[in-house]
Amino acid sequence: MKAFKLPSDFLMGSATSATQIEGGMSQSNWYKWCVDGHIKDGSTCIRANDHWNRYAQDIGWMKKLNHQVYRMSVDWSRIEPRKGEFDQEAIFHYRDIIQELINNGIRPLVTLHHFSHPLWLVEEGEFENEKVVDYFERFVTFVVENLGDLVSEYITINEPSVFGVLGYLFGECPPGKKSIKLVMQVYKNMTLCHIKAYQTIHRVRKQSLFNGETKVGVAHALRVFDPLSLKNPFDKLAAKIMDYLFQEALVMSMSDGKLRFPIGKGAPLGTGKFYDFIGINYYTRSAVQCIGFRITAFKQNPQNDLGWEIYPEGLSQLCKRYYKKLNAPIWITENGTCDKKDAFRSRFIYDHLHEVSKLCKEGIPVQRYYHWTLMDNFEWAEGESAPFGLIKVDFETQQRILRRSGSFYAEACREKGVTREMIHKYLSP
Ligand code: IFM
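Residues numbered from 1 in each chain as written. Predicted model: local features only at pLDDT ≥ 70, side-chain atom pairs only at ≥ 80, totals over all residues. Heavy atoms only, no water.

**Some points on a nonpolar patch on the surface**
Together, Leu 237, Ile 241 and Phe 293 make up a nonpolar patch on the protein surface, roughly 260 Å² of accessible area in all. If you trace the backbone, Ile 241 turns up in helix H10 (residues 233-256). (Patch = residues over 30% accessible without salt bridge, like charges linked within 9 Å, V, L, I, M, F, W, Y side chains within 5 Å. Areas by Shrake-Rupley, 256 points an atom, 1.4 Å probe, with all protein chains shown as cover. Salt bridge = Lys/Arg side-chain N within 4 Å of Asp/Glu carboxyl O. Helix = DSSP H or I, 4+ residues; strand = E, 2+ residues; numbered from the N terminus.)

**Some thoughts on helix H9 (residues 180-207)**
The terminal C-alpha atoms of H9, which comprises 28 residues, lie 40 Å apart, in line with the 40 Å expected from a rise of 1.5 Å per residue. Backbone geometry just after H9 places Leu 209 at a positive phi near 55°. (Expected span 1.5 Å × (residues − 1).)

**Side note on the site of the ligand**
As a structural note, the neighbourhood of the ligand is formed by Gln 20, His 114, Phe 115, Asn 158, Glu 159, Tyr 283, Trp 308, Glu 334, Trp 372, Glu 379, Trp 380 and Phe 388. Note that an oxygen atom of the ligand is positioned 3.3 Å from one of the side-chain N or O atoms of Trp 372. Here an oxygen atom of the ligand and a side-chain polar atom of Glu 379 are 2.5 Å apart. In the complex, 94% of the free accessible area of the ligand, which totals 280 Å², lies under the protein chains. Split into classes, the residues belonging to the shell around the ligand amount to 6 nonpolar, 3 polar and 3 charged. (Near = heavy atom within 4 Å. Polar contact = N/O pair within 3.5 Å; in protein donor to acceptor, adjacent residues only side chain to side chain. Nonpolar A, V, L, I, M, F, W, Y, C, P; charged D, E, K, R; others polar.)

**Remarks on the packing of aromatic side chains**
By the definition in use, this model includes 22 aromatic pairs. Geometrically, the ring pair formed by Trp 30 and Trp 380 is tilted, given 4.8 Å between the ring centres and 55° between the ring planes. Here Trp 30 is found in helix H2 (residues 29-35), whereas its partner Trp 380 is found in the loop between strand S10 (366-371) and strand S11 (391-394), with 350 residues between them in sequence. One aromatic cluster is present, formed by Trp 76, Trp 120, Tyr 135, Phe 136 and Phe 139 through successive ring pairs. A cation sits over an aromatic face here: Lys 64 above Trp 61, 4.2 Å from the ring centre. Lying over the aromatic face of Tyr 275, Lys 273 brings its terminal NZ or CZ to 4.8 Å of the ring centre. (Phe/Tyr/Trp six-rings, centres within 6.5 Å; stacked < 30°, edge-to-face > 60°. Lys NZ or Arg CZ within 6 Å of the ring centre and 35° of its normal.)

**Considering the packing of helix H3 (residues 51-64) against helix H5 (residues 88-103)**
Following both chains from N to C, one finds H3 and H5 inclined at 15°, their axes separated by 9 Å at the closest point. Here H5 runs roughly parallel to H3, going by the angle between their axes. The two elements H3 and H5 cross, and the hand of that crossing is right-handed. Residues His 51, Trp 52, Tyr 55, Ala 56, Ile 59 and Met 62 of H3 form the contact with H5, whose own contacting residues are Ala 90, His 93, Tyr 94, Asp 96, Ile 97, Glu 100 and Leu 101. Here the residues of the contact of H3 with H5 sort into 9 nonpolar, 2 polar and 2 charged. (Axes fitted to C-alpha atoms, helices over the stretch in contact; angles between N-to-C directions. Parallel < 35°, antiparallel > 145°, perpendicular 65-115°, else oblique. Left-handed = near helix turned anticlockwise from the far one by under 90°. Contact = heavy atoms within 4.5 Å.)

**Concerning the pairing of strand S9 (residues 330-334)**
Most of S9 sits out of view: 5 of its 5 residues are buried. The pairing of strand S7 (residues 278-289) with S9 spans 4 bridges and is parallel. Opposite Ile 278, over in S9, you have Ile 330 as the bridge partner. The pairing of S9 with S10 spans 3 bridges and is classified as parallel. Bridging from a neighbouring strand, Ile 330 pairs with Val 366 of S10. (Buried < 20%, exposed > 50% of the residue type's maximum accessible area, 1.4 Å probe, protein only. Pairing = 2+ DSSP bridges.)

**Regarding the side chain of Arg 345**
Mapping Arg 345 onto the fold places it in helix H12 (residues 345-361). Judged by its relative accessible area of 0%, Arg 345 falls in the buried class. Looking at Arg 345, its side chain comes within polar contact range of the side chain of Asp 342, at 2.6 Å. In contact with Arg 345, not counting residues within four places along its chain, are Thr 337, Cys 338, Asp 339, His 371, Pro 387, Phe 388, Gly 389, Leu 390, Arg 403 and Ser 405.

**Some words on helix H11 (residues 313-326)**
If you check H11, its first and last C-alpha atoms are 20 Å apart, about what 14 residues at 1.5 Å a residue would give, namely 20 Å. Those residues of H11 not exposed but buried are Gly 314, Leu 315, Ser 316, Leu 318, Cys 319, Tyr 322 and Leu 326. Summarising the contacts, the buried residues of H11 are in contact with strand S6 (215-227), H10, S7, S9 and H12. Looking one or two places after H11, you find Asn 327, whose phi comes out positive at around 50°.

**Structural notes on the side chain of His 220**
Here His 220 lies in strand S6. Given the relative accessible area of 9%, His 220 is considered buried. In this view, His 220 contacts Pro 160, Val 251, Met 254, Gly 279, Ile 280 and Asn 281; residues no more than four positions away in its chain are not counted.

**Comments concerning unusual backbone geometry**
For the peptide bond that leads from Pro 174 to Pro 175, omega is 10°, which places it in the cis range. The residue Pro 175 is located in the loop between helix H8 (160-168) and H9 in this model. Looking along the chain, the bond that leaves Phe 261 and enters Pro 262 is cis, with omega of 0°. Structurally, Pro 262 is set in the loop between H10 and S7. Although it is not a glycine, Phe 293 adopts a positive phi angle of roughly 50°. One non-glycine residue with positive phi stands out, namely Lys 416, at about 50°. Looking at the element boundaries, Lys 416 is found in the loop between helix H13 (404-415) and strand S13 (417-418). Owing to a relative accessible area of 15%, Lys 416 belongs among the buried residues under this scheme.

**Side note on the packing of H8 against H9**
Two numbers describe how H8 lies on H9: the axes approach to 9 Å, and their chain directions differ by 150°. Classed by the angle they form, the pair H8 and H9 counts as roughly antiparallel. Crossing hand, H8 versus H9: right-handed. Within the contact between the two elements, H8 uses Pro 160, Ser 161, Phe 163, Gly 164, Val 165 and Tyr 168 and H9 uses Leu 182, Val 183, Val 186, Tyr 187 and Met 190.

Dropping the structure here:
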């Protein structure tokens, strides 16, 4: 294992999302999904980390972990609990959270849609209904008018492909439907939502003369799809198709506005460059089998507690591929692992940051790394039982305890890399 350095202007921190940490939200699609009994361990997102009340303490942790940046989301159902009615108190509370980050020298990156939205939107057909494009634009306008003086960097939508596939094909997330046709309809509407939001954020910040360079992008869930058997041409073909349908068609449509088959055709909102950075959420690779069009993990390789293969090289492959296609700075907007015993998280971080350092040396402009995630939280369908945190959380008492991997990451953030001493201290067998 070698020591390595990241560029001196490289920025590091962690990422979270509102539903997963805030607690107290009862007006969203996800809260309803929880109380309808869909969560594996029976928990709901109403408790989560009580971050809404404990944000100052949590930001204190970020500071101790030497964060320079932090990715968070604002919750649409809190801010617009009833259609067209905006809650000033909620937006002021978000201002307090963001001001606290800034006071601690941590730059915020704000996500506007991270899987959850208000129940009134559910009644209107949510992302199946094209009206969502106007509703989202109105919501984004309100947020940026109210936060735009503090926040110059935004993610419009988190992991649109995961949202589409888990909610509309596998039925594992709300609204629990199973139709490939609906997935494509949702992809199309999310593409239009993103483009309008991209334009709105730039316009509002410019008109309001807010300081700082506006930067907007999508956090795309990217994974490597490889054929289960390299000798089987049908597995190879299936892997290509899966890659195209799960990510390629959507990433490209959202980037330039030209809808790719089978999402749609033409460019309903015109063409352009609708990203200021390439946001990549990277976790794993999938083995694709043509029979049954199935995805599994390569069993011979290490896996995390959820059975996701740990494949750091995949991060480099995807960064190179999308840099070539989109030619913009790359921000790793999520990367992390589920490791209850904290047995391999430090090594996971080392391996992925090492890939990033090699990319930087090759001239690929990876500029940021947001670790998923700061603390154990409400992990969607898995509930409170899938710990991805640098900090361990006891949900009953809300006690936070720093994991050893958290200390390792704190030193990596401080050093902008990994030193020989760190390898000796944290990674030697
Ligand atoms: O917890 C999620 C996050 O909300 C989106 N990306 C993947 C993470 C781990 O599953």
